[in-house]
Amino acid sequence: MQLHTPASGGVLAFALLTVLVAEASAQDRMLTLEQAAGRGEGRVSFRGRTPAWRWAPDGVHLVKGRGDDAQWVDVETWEESAPPKTSAGDGERESKRAEAKRAFAMLTELDEKEAGRLVSHRIATTEDGSAAVYEHEGALWFRREGWAPIRLTNAADGETELEELAPDGAQLAFVRGNDLFVVATKNGRLRAITTSGDDETFNGKLDWVYQEEIYGRGRFKAFWWSPDSARIAFLSLDESDVHEFTVIDHIEEGHFRVKPEVSNYPKAGDPNPRVKLGIAEVGTGAITWADLARYRSDEPLVVNVVWSPTGDRVVFQVQDRIQTWLDLNSADPNTGAVTTIVHEDSKSWVNLLGPPRWLADGTFLWQSERTGWKHLYHYRADGTLIRPVTSGEWAVGRIRHLDEEGGRLWFSGTKDGAINSNLYRIGLDGTGLARLTRGDGYHSAAFNTARTHFLDTASSRATMAEVRLCDADGKVLKELGQAVIPALDEYRTSRWELFEIEARDGFALDVAVLKPVPFDASESYPVWLSTYSGPDAPTIRNRWSMSTWNQFLAQQGLIVFNVNVRTASGKGQWTTALGYKRFLVQELADIEDAVEWLVAHPWADAARVGITGYSYGGSMTAFALTHSDKFALGIAGGGVYDWRMYDTIYTERYMSTPQRNLEGYDETSVLKAAKNLKGHLLMHCGVMDDNVHMQNTLQLAYALQKANKPFELMVYPQNRHGVRDSDQRWFSRQMEWSTIREHLGAGRPIPDYPKTPASPTIEASAPSGS
């Protein structure tokens, strides 16, 4: 029923006006500093929640939704149905878990709750999950389905680490006291594979620099089971010549004395650990050492170890100390004889390439950047090149699937833009290259079992993540939905704009601009440039990126600016190598050119440009303020300020050694240019940073003091490479914003809004890391 009396019409009009004003006000809300830092109530996220679609366990149906709301969907009829009730497999797994709990409760005199915690703490399993190793009160236990648990080690014998079961589950390998052991899971019989382990000899375990720069942060395991479980390959590192470095904990609870942490840390030009590759017979403990004698003068690094599929050879990779070449080798487990399969070399450096991808016929696929771009090559087992599989002025990302019978493979790559990532398909004979995903941006594909359909989750800087169902050739069959971001309807937001500009020599640079909101082209705004710029580490990727911190800055009247310098452009190894032996120099030239382009617009204030970054970005920031006059402010976190203070393997890959490239180390040193500081510099770091040591920050502080250059410094006790403690992170954000306001003249008042509920998803803001 509608009422048409004058009075009711006035009431309705007033109510409508009230609603419209409220909606406009809601969409114009501004973020508080607390919200921008991911702190307190009313947290806000602009990341969005991607529609929940995935393939069902049967590999045929789709699953729509999450948890109890999930429905199975037939991709042909689009009929929805409830998921099958708990499968026999699920029930069987729960029954096996209950059986394990009872077995441990009987043997260890634990109550049911404690036994439940024990069986939940599996530290190693066989591939099929039929056997597992558990830890309880420092002792290791093994149980195979249907068998009683057996104790493998005692806590009194010492702590174990890096435990891994053999493929057949008959043996467990682990490291204790830097020695490698194997223990039979049937009877607990223990065998020491090595006995030389001590503070200077690591057997089966990596040291700091090997795990950080070669095998991956946090990955210390340095042994590998053969497929038949009969042998185990391992690295042995001699640390006796490696210099130590001490990190101090000044805030140890309970007393006011300091707690030192001493570790081996080789700095550029220092001795590296000496490496050996051993191959042990598990049954006898006999060790055969791979013959690396020909590499002795090259101070070799062993950068990858795997077994051949048949287990008859150890396949490993060796590089020289400064990583200008790489050999893919195989070693005979019986004699230690080494045969080189593939040799890679470069006028700059050879990146880590990953292991070969073996095919059933004994051939393998190999990634190489020999042309300046990463591509795939097909080789015979003896190292004879069959053919390049991919080629061109673009790079392969990852192999997503390999169909050997059909002679095809699927991979991600940058053929259609360096800041994009698409899915492609090609024949193993190098023919039939086809792009399967559509539109700019980043695409992530998930195939069904038969590879007749795939889910494409795509986003760009301008478009939130959306999910599509595609057929095998990439035809979009159905749009399944887009991410939902409620905060976009409540807050002022700006959107990234992407541009390609020319550097001074004509090189095309990708830049991204986030303008202030609201934006008035007649005004002139300060600029805030956030960077990393490390080798082959682009800042700009064309995927959805809307952080609360950047939106806060835009609301406060700053232009947020990003640039992909050529050495971090994603445009191939040939561009990354343009910075060889001269860290930061080419990067700064590109950043300067990008800033020149931006401030040529009247709405960007050339006198109020700031730059910030962490780790390599911190180095970049301090270098910019000591080698350029374009920056009024720099906030540098956790940076290396003279590359002689960073580790050998990373630094020498890109800079060679100080002994061979003294001029390059001097040219790229912030310490030596401290007297040239322009603009205001705020440095900060973690006191216990065991990666980029606080020594860097203190050395630069000392150099600036000696040069009578004012600066600010903040250190964060108990933090390492990045500020992780939430209270200290909040302190850091407040200090950062206060510094930006003071030195760039930024900032707008924030209205006093009524409290609103928190967004469905939470975004915690943290400084960028390495």
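These figures come from a predicted structure and were not determined experimentally. Think of each chain on its own: its residues are numbered from 1, step by step along the sequence as written. With the structure being a predicted model, the display of local features is reserved for residues of pLDDT at least 70 and the display and counting of side-chain atom pairs for 80 or more, all residues being used for whole-chain, interface and lining totals. Water and hydrogen atoms were dropped before computing side-chain values, which therefore reflect all heavy atoms in the structure.

**Some remarks on the overall build of the protein chain**
For the protein chain, the count of helices and strands is 13 helices and 43 strands. Computation of the radius of gyration draws on C-alpha atoms, with the globule rule given as 2.2 Å multiplied by the number of residues to the power 0.38. For the protein chain, whose C-alpha radius of gyration is 29 Å, the value lies close to the compact-globule estimate of 27 Å for 770 residues. Based on the C-alpha atoms only, the size of the protein chain along its principal axes is roughly 95 × 75 × 65 Å. Each of the 770 residues in the protein chain was classed as buried or not, and the buried ones make up 53%. When contacts within the protein chain are restricted to residue pairs at least 6 apart in sequence, long-range pairs at least 24 apart make up 57% of them. Element-wise, carbon and sulfur atoms account for 49% of the exposed surface of the protein chain, whose accessible area totals about 34700 Å². Here a strand is any run of E in DSSP of at least two residues, a helix any run of H or I of at least four, and the numbering for each starts at the N terminus. Throughout this description, buried means an accessible area under 20% of the type-specific maximum (1.4 Å probe, protein chains only), exposed means over 50%, and partly exposed covers the range between. By definition, residues are in contact when any of their heavy atoms lie within 4.5 Å. We get accessible surface area from the Shrake-Rupley algorithm with a probe of 1.4 Å; when it comes to residues, only the shown protein chains can shield them.

**Topic: the nonpolar core**
Grouped together as the largest cluster of nonpolar side chains are 105 residues, with contacts concentrated most on Y210, L235, V305, F316 and L700. Once residues lying within four places of it in the same chain are set aside, the contact partners of L700 are A622, Y641, V670, L671, A674, L681 and M683. For this analysis, a nonpolar core means a set of buried residues of the types Ala, Val, Leu, Ile, Met, Phe, Trp, Tyr and Cys, connected via side-chain atoms within 4.5 Å. The next biggest cluster of nonpolar side chains, apart from the first, holds 36 residues, and it includes I540, W549, L633 and I740.

**Points about the sheet that holds strand β9 (residues 161-165)**
The strands making up a sheet associate through hydrogen bonds between their backbones, and the pairing can be parallel or antiparallel. Overall, antiparallel pairing links the 4 strands, which are arranged β9-β10-β11-β12 in an open sheet. The strands lining the two open edges of the sheet, one partner per strand, are β9 and β12 (190-192). For this sheet, the mean angle separating the axes of adjacent strands, direction not counted, is 20°. Whether two strands pair depends on DSSP finding at least two bridges between them. Note on definitions: angles span 0 to 180 degrees between N-to-C directions of axes, and those axes are lines fitted to C-alpha atoms, for helices only across the stretch in contact.

**With respect to the confidence of the model for the protein chain**
One confidence number per residue, pLDDT, is output by the predictor and ranges from 0 to 100. Per-residue confidence for the protein chain gives a mean pLDDT of 91; residues scoring 70 or more make up 91%. Note on residues 756-770: pLDDT under 50 across the span, and 41 contacts to partners over four residues away in sequence or across chains.

**Describing the pairing of strand β32 (residues 442-447)**
Both β32 and strand β33 (residues 453-459) contribute to a ladder of 6 bridges, which runs antiparallel. In the strand pairing of β33, Y442 is matched with S459. Here β32 folds back onto β33 in antiparallel fashion, the turn holding 5 residues, of which R451 has a positive phi close to 60°.

**Quick notes on the sheet that holds strand β30 (residues 422-427)**
On the basis of which strands lie adjacent, the open sheet formed by 4 strands has the order β28-β29-β30-β31 and antiparallel pairing. Here the strands that pair on one side only, and so sit at the sheet edges, are β28 (396-403) and β31 (434-435). Here 2 bridges tie β30 to β31, and the two strands are oriented antiparallel to one another. Along β31, the bridge assignment pairs Y424 with R435.

**Describing the pairing of β33**
In terms of burial, β33 is largely enclosed, as 6 of its 7 residues are buried. Where β33 lies against strand β34 (residues 466-471), 6 bridges are found, and the strand directions are antiparallel. From the neighbouring strand, A458 faces β34, where its bridge partner is E466.

**What about unusual backbone geometry?**
A cis geometry characterises the amide bond from V517 onward to P518, with omega recorded as -5°. Summarising the element assignment, P518 is placed in the loop between β37 (508-514) and β38 (525-530). Phi is positive for Q323, which is not a glycine, with a value near 65°. Looking at the element boundaries, Q323 is found in the loop between β21 (314-319) and β22 (325-331). Positive phi is not limited to glycine here, since L584 has a value of about 80°. The residue L584 is located in the loop between α7 (573-576) and α8 (585-599) in this model. With relative accessibility at 0%, the residue L584 sits in the buried group.

**Some thoughts on the pattern of salt bridges**
By convention in these notes, a salt bridge is any Lys or Arg side-chain nitrogen within 4 Å of a carboxyl oxygen on Asp or Glu. Taken as a whole and judged by the stated rule, the model has 32 salt bridges. Among the ionic pairs, E592 bridges to R504, the shortest N-O distance being 3.6 Å. Linking E592 in helix α8 with R504 in the loop between β36 (496-502) and β37, this pair joins segments that are 88 residues apart in sequence. Salt-bridge contacts for D505 lead to R566; the nearest nitrogen and oxygen are separated by 2.7 Å. Of this pair, D505 sits in the loop between β36 and β37 while R566 sits in the loop between β39 (559-564) and α7, placing them 61 residues apart in sequence. For R566, a relative accessible area of 4% corresponds to the buried category.

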